[in-house]
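Below are the chains, spelled out letter by letter.
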Amino acid sequence: MTPHSLAELRCLLKETPSAALAPLIERLEADERHGAHELAGQARRRLLREQNERDRVSRLLRYETDLWSSGMMLVAGCDEAGRGALAGPIAAAAVILDPDIFISGINDSKKLSRAARARTATAIEANAICWSVAFISSADIDETGIQAANRAAMVEAVHKLVLAPDFLLSDGFKVEAGVRNRALIKGDSISLTIAAASIIAKVHRDRLMEELEEQYPGYGLAEHKGYGTELHMDSLTRLGPSPIHRLTFAPVGLSRKEHFERAGLKKAEGAVKQD
């Protein structure tokens, strides 16, 4: 039976792919009911939003498009998450997108809500040619420094891809991963592939920090993901650093000292010396 009520037409509108909307819009505009005309307007606005999104994505693919046109079809993007955190690892992700598959919503991870990041990460993982994530621990960060750890995480992420990329686009600085590479300043804002990597790195690191909250309760890791929020600094003062805190980061060291002083360790040490 052909749908004829406005409720049925509304359901049909939701179920109809964008590419097949034109006949339905014509039908709605020919309908004499005001509600049908409103549905037609909704459909046209939907098409406009989707076209605007395609235009935005197209602008973010200018580097990739040039590389694809030159025959380099496996273009990887690489980015990190957690560089400025006080606790937990630094994460890096590498992603190779399929030139023939459009994925809506990819953007710099910092510009997306938590829900949008999770939704878009799922779409990337389902539709990318391949992707990978690598973590460098807080202990390694303390040992080598954040810059070296950042580079190591990105190199590992590239090497973990199941297909070797023809070319690598990286955020901020070059990555010595044995692949031709172009570093882009603020790459997650100007390259779709780097933006995709920024989302994957952020989502996977956030999930890990939520798991670590169960192992190290009291710090609020699931909420602030290891960054230096007021809640985190207060918990550091109360509890001192955990095994996943970056001890070489000044705020952690200062909070540890503060904790020791509050715990009365200086007094105890003094009493021992007097004895």
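Residues numbered from 1 in each chain as written. Predicted model: local features only at pLDDT ≥ 70, side-chain atom pairs only at ≥ 80, totals over all residues. Heavy atoms only, no water.

**Student:** Sorry, what's going on with the sheet that holds strand 2 (residues 90–96) here?
**Tutor:** Taken in spatial order, the five strands of this open sheet run 3-2-1-4-5, and their pairing is mixed. Across the chains shown, the open sheet's two edge strands, defined by having one partner strand only, are strand 3 (130–136) and strand 5 (181–184). Strand-to-strand, the axes of this sheet are offset by a mean angle of 20°, without reference to chain direction. Pairing geometry for strand 1 (residues 75–81) and strand 2, over six bridges, is antiparallel. The partner of A81 across the bridge, within strand 2, is A91. Strands strand 1, strand 2, strand 3, strand 4 (167–171) and strand 5 of the sheet are contacted by helix 9 (residues 192–215), whose axis makes an angle of about 40° with strand 1. (Pairing = 2+ DSSP bridges. Helix = DSSP H or I, 4+ residues; strand = E, 2+ residues; numbered from the N terminus. Axes fitted to C-alpha atoms, helices over the stretch in contact; angles between N-to-C directions. Contact = heavy atoms within 4.5 Å.)

**Student:** What am I meant to see in helix 7 (residues 146–160) here?
**Tutor:** Within an α-helix, residues lying three or four positions from one another point in the same direction, as the helix has 3.6 residues per turn. Here helix 7 spans 21 Å end to end across 15 residues, near enough to the 21 Å set by a 1.5 Å rise per residue. Of all the positions in helix 7, only A149, N150, A153, M154, V155, A157 and V158 are classed as buried. In the core, the buried residues of helix 7 are packed alongside strand 1, strand 2, strand 3, helix 6 (138–144) and strand 4. (Expected span 1.5 Å × (residues − 1). Buried < 20%, exposed > 50% of the residue type's maximum accessible area, 1.4 Å probe, protein only.)

**Student:** Help me understand the pattern of salt bridges, please; the structure alone is not making it clear to me.
**Tutor:** Working definition: two side chains of opposite charge can pair if their charged atoms are close together. Taken as a whole and assessed by the stated rule, the structure comprises 10 salt bridges. Of the charged contacts, one joins D188 and K110 as a salt bridge, the two residues approaching to 3.0 Å between their closest N and O atoms. Taken together, the residues span a long stretch of sequence, with D188 in helix 8 (residues 187–190) and K110 in the loop between strand 2 and helix 5 (114–127) at a distance of 78 residues. Overall, the relative accessible area of 6% leaves D188 in the buried class. The closest approach of N and O atoms between E210 and K225, which form a salt bridge, is 3.8 Å. In this pair, E210 sits in helix 9 while K225 sits in the loop between helix 10 (221–224) and helix 11 (230–239), placing the two residues 15 residues apart along the sequence. Of the residues examined, K225 reaches a relative accessible area of 8% and is grouped as buried. When salt bridges with common partners are traced through the structure, they connect D108, K110 and D188 into a single cluster. (Salt bridge = Lys/Arg side-chain N within 4 Å of Asp/Glu carboxyl O.)

**Student:** It is not clear to me how the packing of aromatic side chains should be interpreted in this structure. Could you clarify?
**Tutor:** Per the counting criterion, the structure on display carries zero aromatic pairs. One cation-aromatic arrangement involves R54 over F102; the distance from NZ or CZ to the ring centre is 4.1 Å. (Phe/Tyr/Trp six-rings, centres within 6.5 Å; stacked < 30°, edge-to-face > 60°. Lys NZ or Arg CZ within 6 Å of the ring centre and 35° of its normal.)

**Student:** Please clarify how a nonpolar patch on the surface should be interpreted in this entry.
**Tutor:** On the surface, I129, V162 and L163 cluster together into a nonpolar patch covering about 260 Å² of accessible area. Structurally, L163 is set in the loop between helix 7 and strand 4. (Patch = residues over 30% accessible without salt bridge, like charges linked within 9 Å, V, L, I, M, F, W, Y side chains within 5 Å. Areas by Shrake-Rupley, 256 points an atom, 1.4 Å probe, with all protein chains shown as cover.)

**Student:** Explain the environment of A19 here, please?
**Tutor:** With respect to the helices and strands, A19 occurs in the loop between helix 1 (6–15) and helix 2 (21–30). Between the alpha carbons of A19 and D79 there is a distance of 34 Å; along the sequence they are 60 residues apart.

**Student:** What am I meant to see in the nonpolar core here?
**Tutor:** General note: in soluble globular proteins, nonpolar side chains tend to be found buried as a group. Counting residues in each nonpolar core, the largest one holds 34 residues, and the members touching the most others are V158, L168 and L221. Taken together, the elements giving at least two residues each to this core come down to strand 1, strand 2, strand 3, helix 7 and helix 9. Setting aside anything within four residues of it in sequence, one finds L168 in contact with A76, G77, C78, V158, V175, V179, R180, N181 and R182. Membership of the second largest hydrophobic core comes to 32 residues, among which are M72, L97, F167 and V203. (Core = buried A, V, L, I, M, F, W, Y, C linked by side-chain atoms within 4.5 Å.)

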